[in-house]
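Letter by letter, the chains look like this.
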Amino acid sequence: MPMQTLFSLRRTIAPLGLGLLVALGLALLLAVGWLGVRGSDMTELARYLLISGTISFGLGALGLAWFRRGLVRLWLQVTLTYMLGILVAILNIFITARLMFISSDHDLPLLVLLMLFAAVVSLALGYTLAQSLAQRVGALHHGAQAIANGELSTRVDAAGSDELAALAAQFNRMAAQLAAVADERARMEAARRELVAAISHDLRTPLTSLRVMTDALADGVVDDAATSARYLATMRAQIGHLSSLIDDLFELAQIDASALALDLRRTALAELVDDTIDGMQPQAAAKGVHLRANVAPGLPPVLIAPQKIGRVLANLVGNAIRHTPAGGSVTISAGTAPAAHLETPGILVEVADTGEGIAPEDLPRVFEQFYRGEKSRSRATGGAGLGLAIARGIVEAHGGTIWAESTLGQGARVRFTLPQHS
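Residues numbered from 1 in each chain as written. Predicted model: local features only at pLDDT ≥ 70, side-chain atom pairs only at ≥ 80, totals over all residues. Heavy atoms only, no water.

1. A look at the overall build of the protein chain
At step 1: The number of helices and strands found in the protein chain is nine helices and seven strands.
At step 2: By residue count, 36% of the 422 residues in the protein chain fall in the buried class.
At step 3: Across the protein chain, contacts joining residues at least 24 apart in sequence account for 69% of those joining residues at least 6 apart.
At step 4: Carbon and sulfur atoms make up 62% of the accessible area of the protein chain, which amounts to about 24,400 Å² in all. (Helix = DSSP H or I, 4+ residues; strand = E, 2+ residues; numbered from the N terminus. Buried < 20%, exposed > 50% of the residue type's maximum accessible area, 1.4 Å probe, protein only. Contact = heavy atoms within 4.5 Å. Areas by Shrake-Rupley, 256 points an atom, 1.4 Å probe, with all protein chains shown as cover.)

What follows is the structure, given as structure tokens:
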């Protein structure tokens, strides 16, 4: 017999055995103190009670063992348990009646009559209770079936404070979590499809351009040096765009797999900000946007992967330049993070622009990997829009947080924190 079955059987029989011992002890105490039983009568009473108790124990153990096999409905198990208890009580009355403590002429029939009356009432109460329990368990059963069939909005009545109510409340929490996960999965799947479409577009456009210009050069359609040089320059730019997109996808895959390698070094943020401004200056000048730096003096070095944080700054500044009109400005600021943003001392970095801002409905989700809000902020003005998702992954890999603040029409501010390790 398996150990689990033995353990379950022991848990079933133990309360019966304990109840038998308590009942035997209580009956003997009452016989001595209340009825005044002494001597041989006491011995005979103890013997009959032990025999009756053993029979009761055996019947009860067999009945409960059969019930635990789950061969009958729950309401019937509870009702039969009541009936078994009543039969055990009547059996005890008949056995102990032989002790001369009960008159067989009058007292015994009256006692049996009263017991039968109580038995019918008890059975009615037991049946009502059993039906109530069975209905509540049945509601959970039907709810579980509905969840299994995909009806994730299913909920069951969780009124009350007993174990079944707690189980129903837990069932509802599980159903709500499953519904939330299903909604999130559906949303992510839709976003993935949109992302694949965006990436397909961004790959198809430069590839088509490259194919046309390559064919033109190969077929001798272009024969003057100036046009050939212009074609080659355009092809080089398209190849750079493709390479950048592939790098973005590869880095995003590393972030998803938690496999982003960080070469941590103590780095002065002032130098990193200056390098970013120098690298992004041509793009800003072409758009007519002013780049500014505002780094707090005396800012201590931070332990970061400078190449990765430089990538974050480049992504944020590039995104800000694309959405800032000519004559506007983009400012990179860095200083000590307020206590509200970090539990331990750290650095707060901000990239602020004077562009059109971010719509309120897009603001909470701009960093999601597959979310694309207003179309003008993605494909038409800079590719598939993976920069913010990559920035979030890199910042979080450093143990920091990143968020955006914006007032529509008044620009946007993207801020991130970096822990300052001792």
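2. A few points about unusual backbone geometry
At step 1: Its identity is not glycine, yet Ser258 carries a phi of approximately 55°, on the positive side.
At step 2: Relative to the helices and strands, Ser258 is located in the loop between helix H6 (225-256) and strand E1 (265-267).
At step 3: Judged by its relative accessible area of 70%, Ser258 falls in the exposed class.

3. Quick word on H6
At step 1: For H6, which comprises 32 residues, the first-to-last C-alpha distance of 46 Å matches the rise-based estimate of 46 Å (1.5 Å per residue) to within 8%.
At step 2: By the burial criterion, the buried members of H6 are Thr227, Ser228, Met235, Leu242, Leu245, Asp248, Glu251, Leu252 and Ile255.
At step 3: Each element contacted by the buried residues of H6 is listed here: helix H5 (163-218), helix H8 (306-322) and helix H9 (387-397).
At step 4: Following H6 by one or two positions, Ser258 has its phi on the positive side, about 55°. (Expected span 1.5 Å × (residues − 1).)

4. Considerations on the nonpolar core
Grouped burial of nonpolar side chains is what soluble globular proteins tend to show.
At step 1: Within the largest apolar cluster, 46 residues are counted, with the highest numbers of intra-cluster contacts made by Leu269 and Phe416.
At step 2: If you tally residues by element for this core, the top one is H8, at seven residues.
At step 3: If we ignore the near neighbours within four places in the chain, the residues touching Leu269 are Leu299, Val302, Ile304, Ala334, Ile347 and Val349.
At step 4: Grouped together as the second largest cluster of nonpolar side chains are seven residues, Leu140, Ile147, Val156 and Ala168 included. (Core = buried A, V, L, I, M, F, W, Y, C linked by side-chain atoms within 4.5 Å.)

5. What about the sheet that holds strand E5 (residues 346-353)?
At step 1: Judged by pairing direction, the sheet is mixed, and its five strands sit side by side in the order E2-E4-E5-E7-E6 without closing on themselves. With partners counted over all chains shown, the strands left at the sheet margins are strand E2 (290-295) and strand E6 (402-406), one partner each. Pairwise comparison of adjacent strand axes, ignoring direction, gives a mean angle of 15° for this sheet.
At step 2: Looking at chain direction, strand E4 (residues 329-336) and E5 are connected through seven bridges and run antiparallel. (Pairing = 2+ DSSP bridges. Axes fitted to C-alpha atoms, helices over the stretch in contact; angles between N-to-C directions.)

6. Topic: the confidence of the model for the protein chain
At step 1: For the protein chain, the average pLDDT comes to 79, and 75% of its residues sit at 70 or higher.
At step 2: Every residue in residues 374-383 is under pLDDT 50, and counting partners more than four places away or in other chains gives 22 contacts. (pLDDT = per-residue confidence, 0-100.)

7. Some details on H9
At step 1: Three or more residues of H9 are buried, namely Leu388, Ala389, Ile390, Ala391, Gly393, Ile394 and Val395.
At step 2: Downstream of H9 by one or two residues, Gly399 has phi in the positive range, about 90°.

8. Structural notes on a nonpolar patch on the surface
At step 1: On the surface, Leu26, Leu30 and Trp34 cluster together into a nonpolar patch covering about 390 Å² of accessible area.
At step 2: On the secondary structure map, Trp34 appears in the loop between helix H1 (3-33) and helix H2 (39-68). (Patch = residues over 30% accessible without salt bridge, like charges linked within 9 Å, V, L, I, M, F, W, Y side chains within 5 Å. Salt bridge = Lys/Arg side-chain N within 4 Å of Asp/Glu carboxyl O.)

9. Here's the deal with the environment of Thr276
At step 1: Note that Thr276 resides in helix H7 (residues 269-287).
At step 2: C-alpha separation for the pair Thr276 and Ala314, spaced 38 residues apart in sequence, amounts to 6.2 Å.
At step 3: Apart from the residues lying within four places of it in its own chain, the contact partners of Thr276 are Gly310, Leu313, Ala314, Val317 and Ile332.

10. A short note on the pairing of E6
At step 1: Burial of E6 is extensive: four of the five residues sit out of reach of the surface.
At step 2: Where E6 lies against strand E7 (residues 412-419), five bridges are found, and the strand directions are antiparallel. Opposite Ile402, over in E7, you have Phe416 as the bridge partner.
At step 3: Counted along the chain from E6 to the antiparallel partner E7, the turn is five residues long, and its residue Gly409 has a positive phi close to 90°.

11. Points about the pattern of salt bridges
At step 1: Within the structure shown, the criterion is met by nine salt bridges.
At step 2: As a salt-bridge pair, Glu184 and Arg187 come within 2.4 Å of each other at their nearest N and O atoms. Taken together, the residues Glu184 and Arg187, both in helix H5 and three residues apart, mark about one turn of the helix.
At step 3: Residue classification places Glu184 among the partly exposed positions, given a relative accessible area of 37%.
At step 4: Of the charged contacts, one joins Asp248 and Arg311 as a salt bridge, the two residues approaching to 2.0 Å between their closest N and O atoms. With Asp248 in helix H6 and Arg311 in helix H8, this pair connects stretches of sequence that are 63 residues apart.

12. Things to note about the packing of H7 against H8
At step 1: Between H7 and H8, whose axes approach to 10 Å, the crossing angle comes to 25°. By the angle class used here, H7 and H8 are roughly parallel. Of the two elements, H7 crosses H8, and the hand of that crossing is right-handed. Contacts between H7 and H8 involve Leu272, Val273, Thr276, Met280, Gln283, Ala284 and Lys287 from the first element and Pro306, Ile309, Gly310, Leu313, Ala314, Val317, Gly318, Ile321 and Arg322 from the second.
At step 2: Taken together, the residues of the contact of H7 with H8 sort by class into ten nonpolar, four polar and two charged. (Parallel < 35°, antiparallel > 145°, perpendicular 65-115°, else oblique. Left-handed = near helix turned anticlockwise from the far one by under 90°. Nonpolar A, V, L, I, M, F, W, Y, C, P; charged D, E, K, R; others polar.)

13. Things to note about the pairing of E7
Regular strands show a simple pattern: their side chains alternate between the two faces of the sheet.
At step 1: Taking burial as the measure, the eight residues of E7 include seven buried ones, the bulk of the element.
At step 2: Bridge count for E5 against E7 is seven bridges, and the pairing is antiparallel. Residue pairing for E7: Ile347 is matched across the bridge by Leu418.

14. What to know about the packing of H6 against H9
At step 1: At a minimum axis distance of 10 Å, the contact between H6 and H9 shows a crossing angle of 40°. By the angle between their directions, the pair H6 and H9 is classed as oblique. Pair H6 / H9 crosses with left-handed handedness. Between H6 and H9, the contacting residues are Asp248, Glu251, Leu252 and Ile255 on the first element and Ala389, Ile390, Gly393 and Ile394 on the second.
At step 2: Of the residues in the contact of H6 with H9, the class split is five nonpolar, one polar and two charged.

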